[in-house]
Amino acid sequence: MADTKLRTAILVVSDTASQNPSSDRVADALTSTFTAQASGVWESPVVKIVPDKVLDIQRAICDWADGPDFINLILTSGGTGFAVKDNTPEAVSPLIHRHAPGLIHGMLAASLAVTPFAVMSRPVAGVRNKSLILTLPGSPKGAKENLEALIRLLPHACIQAQGANSRALHAGGMKKLEAEAGVQSQPMLQQQGHHHHHHGHSHGHGHGHGHAASKPHTSPADRPQSNDPNAGPNRRYRSSPYPMLSVDEALKLISEHTPEPTVVEAPVDAALVGSVVAEDVYAKESVPAYRASTVDGYAVIAPESPGAGPSTLGVFPVASVTHANIGGTLKPLEPGTIARITTGAPLPPNANAVAMVEDTVLISSTPDGKEEAAVEILTGEIKPGENIREPGSDIALGSKILQKGDLITSVGGEIGLLAATGTKTVKVFKKPCVGVLSTGDELVQHDDPRTIQGGQIRDSNRPSLISCLAAWGFPTVDLGIARDTPTGELEQILRDALRGVRVRKSGSGNDELASSIDIIITTGGVSMGELDLLKPTIERSLGGTIHFGRVSMKPGKPTTFATIPFKDQERGKNKLIFALPGNPASALVTLNLFVLPSLHKLVGLGQASGTNTKNTHICPTAPLAPGLPRVSVLLSHSIPLDPVRTEYHRAIVTASRSDGRLYASSTGLGGVGQRSSRVGSLASANALLVLPPGAGEVGKGALVEALLMGSILSGE
Ligand SMILES: Nc1nc2c(c(=O)[nH]1)N[C@H]1C(S)=C(S)[C@@H](COP(=O)(O)OP(=O)(O)OC[C@H]3O[C@@H](n4cnc5c(N)ncnc54)[C@H](O)[C@@H]3O)O[C@H]1N2
Ligand code: MOO
Ligand SMILES: [Mg+2]
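Let us look at the structure shown here. (Residues numbered from 1 in each chain as written. Chains lettered and ligands numbered in written order. Predicted model: local features only at pLDDT ≥ 70, side-chain atom pairs only at ≥ 80, totals over all residues. Heavy atoms only, no water.)

## Looking at the site of ligand 1
By nearness alone, 22 residues border ligand 1, and Glu 442, Asp 459, Ser 527, Lys 557 and Gly 582 come closest of all. One of the side-chain nitrogen or oxygen atoms of Glu 442 is found 2.7 Å away from an oxygen atom of ligand 1. In isolation ligand 1 has 880 Å² of accessible area, and contact with the protein removes 71% of it. When residues of the shell around ligand 1 are traced back to their parent elements, those giving at least two are strand 21 (457–458) and helix 16 (584–602). When the residues that make up the shell around ligand 1 are grouped by side-chain class, the tally is seven nonpolar, ten polar and five charged. (Near = heavy atom within 4 Å. Polar contact = N/O pair within 3.5 Å; in protein donor to acceptor, adjacent residues only side chain to side chain. Areas by Shrake-Rupley, 256 points an atom, 1.4 Å probe, with all protein chains shown as cover. Helix = DSSP H or I, 4+ residues; strand = E, 2+ residues; numbered from the N terminus. Nonpolar A, V, L, I, M, F, W, Y, C, P; charged D, E, K, R; others polar.)

Rendered as C-alpha cells:
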C-alpha cells in the first residue's frame, strides 16, 4: 500500500447548514480532532453538507462507500435525535452490511459521562463494503466528544473493515499507524477466531457478511457476499441493502445506461411502424408526376385573364377521354375543344383547367350513342389552374419528406409518403429486441390444460408483457419460465439469452432463437424472499451492475435495473436487464414506467433535430420525449393517498363531450382495488394517475397528473 493514510469523510446532515454552509461548525470541530491525532494516520476529511433527507444522506454515503474514491471512515453529524425530521439512523441503517453495536456503546458511554441526555441519541455504526460508518450527534461539542471517545480505536477498526489490504498494512504501514494511534497491533482476525488469512474481498467468507450491496461503481470482485439462498438464515437479508430511489432518479439512471440507438436499413412495410427515421429522406419521385385533374369533368383551355382568350362558356366538341390510369402519350387539346377527364387523370397538353361535370350539360352524343359528342359548359369563370394539381405540388421531387427523428406512426402518413415517392428502403434506428422471462416455481403456463393445485399460479406476466411490447411495435422473444430452485437454471437462461443461443421455453417445449436480444425483462424474484434470486444472479453470476434495486413507488417498489457487460460482437454494447416485481399489476406498471422510456431511447425517439422543415404548414416541433405522454386530468371522485410512496393509480381517462375536459376514474378502490397482485386493476385502464405521497386523500375535482398508456375515448 503506497499511501498508508486513512481517508475520512464528514457528512453534515442539516437543513440549515445545507442552505447556509458557513453556519456549519461541526466540520471544523471534527477536522481538528483528526489533526490532533498522530500525523500520518488520517487524511484531511472530505466534507459534504446535505439536508435532513433520507435519499440525500444515502446517496452521499453510497458514493463514498461504493464509489471509486473509497473512503475508510464516514462520519455523519446530525439527525440522530427524536425530532420528526431526525432520520439519519433510518437513512444509514439499511446501508450497513455489518453492524457494530460496540462502537455505539462506546459513543453512548462517553456521552453519558457528560450528559444524561445522551440516552436521547440514536446512533448507528457499522461497515458498508469496506467503509466504517458512524453517526454522530449534530452539536459540534457532542460530535467531537463522541469522535474523541473512539478515535484511538478507529484506525484499527478501519483497517479491519478494509480487509483487502490488511496483510499489506501489517507488513508495512499498519504497525506504524496503530502505534501512532496508540493502539497495540493485534492479529485481530485470529483474535476474533476468524481466518487469519484474509482475502482481498469478502467473497467466500461466511462470517457475518449477511448483506449484499448495491454497488454501482465497483467491480464484481469487490462485491461482498450477496443474499445466498443456499446459506442459512443468518446469511439472508433482513433489510434491503439497496437504497430507495425516487422514480425520477431511477429514470435518470435508466436513461444514462441505455445505449445510443443503432441504424439499420429497413424495407418500407408495416413492420416499419414504431421505428424512428435515422436520416433525412428526400423524395425520389414527385407527386403527382404529371398535371392531374382533381375532379371528374372536362379539361379546358381557360383564358389567362377574362377576355384574354375565348371564354369557357358555351358548347364545345368533346375531343377525347382521359382516365386516371391512362397509358401512352396524350393528344394535345385543340383550341375550341374539350376533353372528358376523370379525377386524378393527366390533363392533355394545352389544357390548363377542368370544368366540373356538374357545371355542364350534354348537348349531343356520337352516332353509336356510346360517347359524348358535344357538351355545354355553363360557367365562364373557370381560371387557369382550377381543379388541377401541378406536377410535384403534393410532394416536390427532391424535397425532404421525412427527417431524422420522425416517428413512423400507425396513422399512416409517414408510410404513405415513403410509398408515394417509390422509396424502397429507409434508414431507421434498430428496434430493440426484448426477451421476456417469468421466474418462480409456482408458475404454470397460462394455457396448461391441467387444473392448478396447491400454490400454483398461472403465468400471466409473460402473456401480458409480451402483448404490450408487441403492441408498442417491438420484437419479442419468449424466454419461458425459470424455476427458482437454486440450480443455476435462471443463470443459464439469462446467459443463453444474452449470448443469443437457442432458448428453451419451459412450458411450451419450443425453442426460439434469441440471437439479438438487447433487453431482458424478468418478472418475480426481486424482493426479500430467500428464493428471490434475480439480484444475486445478476451481480454474482453474470457480473452485472445493479444500478438500482428499490424505488419509492406503489406498485413496483423492488423494481431493479442492471446492465450486463456482455459485448455484442457487432455493436460492443451492454445489455440491459429490467428485473420487474412478480406481482402482475406491478410488472405492467413498471413496464410502462421504466422499460418504455428505455425502449424509446433505443429506438431513437428524441433524436429529432428540433425543427420540422419538411412541411411549411407545420410549426417547429420539439424532439419527441421518451416514455408515456403526460396530461392533466380532473378526478371524478376522491382517491386515498399512500403516506410514503408515490402511487401510480390505474385509471380510466375519458374526454367529456360536454366540456371537452379529461376526467379520470379509478379502476378500483378500497383495500383490494389497486392491490399489486390484481392485474384487473389494469383492465380497461388507459392511464396511471401520479399521486404523490401524503396524508388523507385527493378530492373529487382535483387536477392530477396522468400518464397515458392507451388512447382516450369520449365519455358523457
Ligand atoms: N419482506 C418484504 N416482502 C416483500 C416486499 C418487501 O419490501 N419486503 N416487497 C413486496 C412487494 S412491494 C412486491 S411488488 C413483491 C415483489 O415480489 P418479487 O418480485 O420478489 O416476486 P415474487 O416473490 O416472485 O412474486 C410475487 C407475487 O407475484 C406472483 N407472480 C410472480 N410471477 C408471476 C407471473 N409471471 N404471473 C403471475 N403472477 C406472478 C407470485 O406468485 C407472488 O404471488 O414482494 C413483496 N414482498
Ligand atoms: O411495490 Mo409492490 O409492486 O407494491 O406490490
Ligand atoms: Mg419475492
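The structure having been displayed, the exposition proceeds.
## Concerning the side chain of His 649
Take His 649: it is sitting in strand 32 (residues 646–655). Only 3.0 Å separates the side chain of His 649 from the side chain of Glu 647, close enough to count as a polar contact. Within the structure, His 649 has its side chain in polar contact with the side chain of Ser 666 (distance 2.6 Å). Dropping the residues within four chain positions of it, His 649 is found in contact with Ile 639, Ser 666, Gly 668, Leu 669, Gln 674, Ala 687, Leu 688, Leu 689 and Leu 691. (Contact = heavy atoms within 4.5 Å.)

## Quick notes on the coordination of the magnesium ion (ligand 3)
Around the magnesium ion (ligand 3), the protein supplies Asp 532 (OD) and Asp 532 (OD) as donor atoms, at distances of 2.5 Å. Among the secondary structure elements, Asp 532 is positioned in the loop between strand 25 (517–523) and helix 15 (534–541). (Donors = N, O, S within 2.8 Å, 3.2 Å for Na, K, Ca; no water.)

## Topic: the packing of helix 14 (residues 489–499) against helix 15
Contact pair helix 14 / helix 15: the axes reach a minimum separation of 10 Å and the direction vectors enclose 60°. Compared by their axis directions, helix 14 and helix 15 come out oblique. The two elements helix 14 and helix 15 meet at a crossing, and its hand is right-handed. Listed contacts from helix 15 to Leu 490, Glu 491, Leu 494 and Arg 495 of helix 14 are Leu 534, Thr 537 and Ser 541. (Axes fitted to C-alpha atoms, helices over the stretch in contact; angles between N-to-C directions. Parallel < 35°, antiparallel > 145°, perpendicular 65-115°, else oblique. Left-handed = near helix turned anticlockwise from the far one by under 90°.)

## Things to note about the nonpolar core
Of all hydrophobic cores here, the largest spans 44 residues; its most connected members are Ile 521, Phe 578, Leu 591, Phe 594 and Tyr 648. Taken together, the elements giving at least two residues each to this core come down to helix 11 (247–257), strand 19 (433–439), helix 13 (461–471), strand 25, strand 29 (575–580), helix 16 and strand 34 (687–691). Looking at this core, the element that brings in the most residues is helix 16, giving eleven residues. The contacts of Phe 578, once residues within four sequence positions are left out, are Ile 254, Ile 519, Ile 520, Ile 521, Thr 522, Thr 560, Phe 561, Phe 594, Val 595 and Ser 598. With 29 residues, the next largest nonpolar core counts Ala 143, Leu 147, Ile 151 and Ile 159 among its residues. (Core = buried A, V, L, I, M, F, W, Y, C linked by side-chain atoms within 4.5 Å. Buried < 20%, exposed > 50% of the residue type's maximum accessible area, 1.4 Å probe, protein only.)

## Structural notes on helix 11
Those residues of helix 11 that fall on the buried side of the exposure criterion are Val 247, Ala 250, Leu 253 and Ile 254. The arc that holds the buried residues of helix 11, viewed along the axis, is 125°, so those residues lie on one side. Across from the buried face of helix 11, at angles greater than 90 degrees, the exposed residues are Asp 248 and Lys 252. Buried residues along helix 11 sit against strand 26 (545–548), strand 27 (553–554), strand 28 (560–564), strand 29, helix 16 and strand 32. (Arc of directions from axis to C-beta.)

## Describing the sheet that holds strand 11 (residues 314–322)
Read from one edge of the open sheet, six strands run 13-10-12-11-15-14, paired in mixed fashion. Either end of the sheet is taken by a strand with one partner, and the two such strands are strand 13 (353–356) and strand 14 (360–365). On average, adjacent strands in this sheet sit at an angle of 40° to one another, irrespective of strand direction. (Pairing = 2+ DSSP bridges.)

## What to know about the packing of aromatic side chains
This structure, assessed with the given rule, holds four aromatic pairs. Taking 5.9 Å as the distance between ring centres and 35° as the angle between the ring planes, the aromatic pair formed by Phe 548 and Phe 561 counts as tilted. With Phe 548 in strand 26 and Phe 561 in strand 28, the pair connects residues that are 13 residues apart, well separated along the chain. Relative accessible area serves as the criterion here: at 1%, Phe 548 is assigned to the buried category. For Phe 561, a relative accessible area of 0% corresponds to the buried category. (Phe/Tyr/Trp six-rings, centres within 6.5 Å; stacked < 30°, edge-to-face > 60°.)

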